[in-house]
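Here's the letter readout for the chains.
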Amino acid sequence: MTRVAVDCHMVGQPASGDAGNGRYARALTLALAATAEDHDEVAALVASAEGARMLGEAVDVAGVPAADVPRLAWAAGRTLDRLGAEAAVFTYVSPTFSPCPVLLGIHDATFMTNPEWLPARARSVLRGLVPRSARRARLVLALSETAADDIASALGVDRGRIRVVSPYPDPVFRPADGAPERVQERFGLRDYCLAVGDLGPRKNLAALGEAIRRLGAEAPALALVGRPGPGGERIAAEAGGRWLGHVDDETLADLYRAAAVTAYPSHYEGFGLPVVEAMACGCPVVASARGAIPEVAGGAAILVGPEPGSIAEGLRTALEPAAADRLRAAGPARAGRYTREAMGRAAWAAVHEAAG
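In short, a report on the structure. (Residues numbered from 1 in each chain as written. Predicted model: local features only at pLDDT ≥ 70, side-chain atom pairs only at ≥ 80, totals over all residues. Heavy atoms only, no water.)

Quick word on the nonpolar core
Right, so step 1: Core analysis: the biggest nonpolar cluster contains 69 residues, and Leu28, Leu103, Tyr192, Leu194 and Leu255 have the highest contact counts within it.
Right, so step 2: A per-element tally of this core places helix 1 (residues 19-35) first, with 7 residues.
Right, so step 3: When residues no more than four places from it in sequence are discounted, the contact partners of leucine 103 are Ala87, Ala88, Val89, Phe90, Leu139, Leu141, Ala350, Val351 and Ala354.
Right, so step 4: Of all hydrophobic cores here, the second largest spans 35 residues; its members include Trp117, Ala137, Ile162 and Tyr268. (Core = buried A, V, L, I, M, F, W, Y, C linked by side-chain atoms within 4.5 Å. Buried < 20%, exposed > 50% of the residue type's maximum accessible area, 1.4 Å probe, protein only. Helix = DSSP H or I, 4+ residues; strand = E, 2+ residues; numbered from the N terminus. Contact = heavy atoms within 4.5 Å.)

Put into structure tokens, the structure is as follows:
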């Protein structure tokens, strides 16, 4: 039997900066639980009742502090010992002490390569602690082959110690009827371009806003979805868009389905889950040809440069009926490559390897 514990303290937390990390931790935990063999067990370290609720009854849960210092300095190690864990998965930073081998998830290395995209405190913490945690870890988990190569280069990690465990879109993200009517009733939106993610500089929203303005009178409206963060409405307004804030997955799926196009012109992504979610819903996607996005999207999205002119040209193409039809057909097929079962199998292979 192999008992693995996943640090899910970010699951259910409201902080905008942890949205993607929490989403990945939850997906990984559920994927491990769904693909566990009879001799395997999964536990989760949670920091809130909401986190425990979001994981359901698929795994055992154990409470840890939400605050980083007490959790990583002593609570996580003691909890892993009490659980009898034979391997543990943490994201970016591992505990000071662990009674079992650690698999360290690192979604990208932009805190090393492009620290200007991060707030000063996050930049300092990540640059100080992640390389040290990566050296201690038995294995490092990356979201894509592209991210694995970049992490190895930026952190000096042996590429042979990195395993790729890609996320998947939740089953709610699929084509379905009635979305345009539901979106119009709730948000008053029609003929819009959707952008999903945080509002930080890496997402390149200013260039997206300028690209839409270049389309002229026929341009779709711009709608932005993401976790609440400092200055969210102001940032959205500066990009010429309407910020819808955080929405649940059912609503987000409808927003994808009803959108004329989803745009994701990020300067860099280690995976780009919104690209896959949009494709799974049958929405045409225009995304930047940066980071792992070309690897993930394949030929099912229009790939562009991060400049406003290139983004505008991609949007113009995606809005043409023939191109839109092609993308709506290609998206779900491409997104279908990323499943809970595939993530679970890749994760268990890494866990068993680390546990020895």
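Comments concerning helix 5 (residues 120-136)
Right, so step 1: Helix length check: helix 5, at 17 residues, gives a terminal C-alpha distance of 25 Å against a target of 24 Å (1.5 Å per residue), a fit within 8%.
Right, so step 2: Of all the bends in helix 5, the greatest reaches close to 25° and is centred on leucine 129; the proline proline 131 follows between one and four positions later.
Right, so step 3: Residues of helix 5 that are buried include every one of Leu126, Val130, Pro131, Ser133 and Ala134, and no others.
Right, so step 4: Where the residues of helix 5 are buried, they touch strand 5 (102-105), helix 4 (110-113), strand 6 (139-142) and helix 6 (145-155). (Expected span 1.5 Å × (residues − 1). Bend = angle between axes of the 7 residues up to and from the residue.)

Let's talk about the sheet that holds strand 13 (residues 302-304)
Right, so step 1: Taken together, 6 strands build an open sheet; the order of strands is 10-9-8-11-12-13 and the sheet is parallel. Two strands bound the open sheet, and with one partner strand each, they are strand 10 (242-245) and strand 13. Strand-to-strand, the axes of this sheet are offset by a mean angle of 25°, without reference to chain direction.
Right, so step 2: As defined by bridge partners, strand 12 (residues 285-288) adjoins strand 13 across 3 bridges and the pair is classed as parallel. By the bridge assignment for strand 13, alanine 287 is matched with leucine 303. (Pairing = 2+ DSSP bridges. Axes fitted to C-alpha atoms, helices over the stretch in contact; angles between N-to-C directions.)

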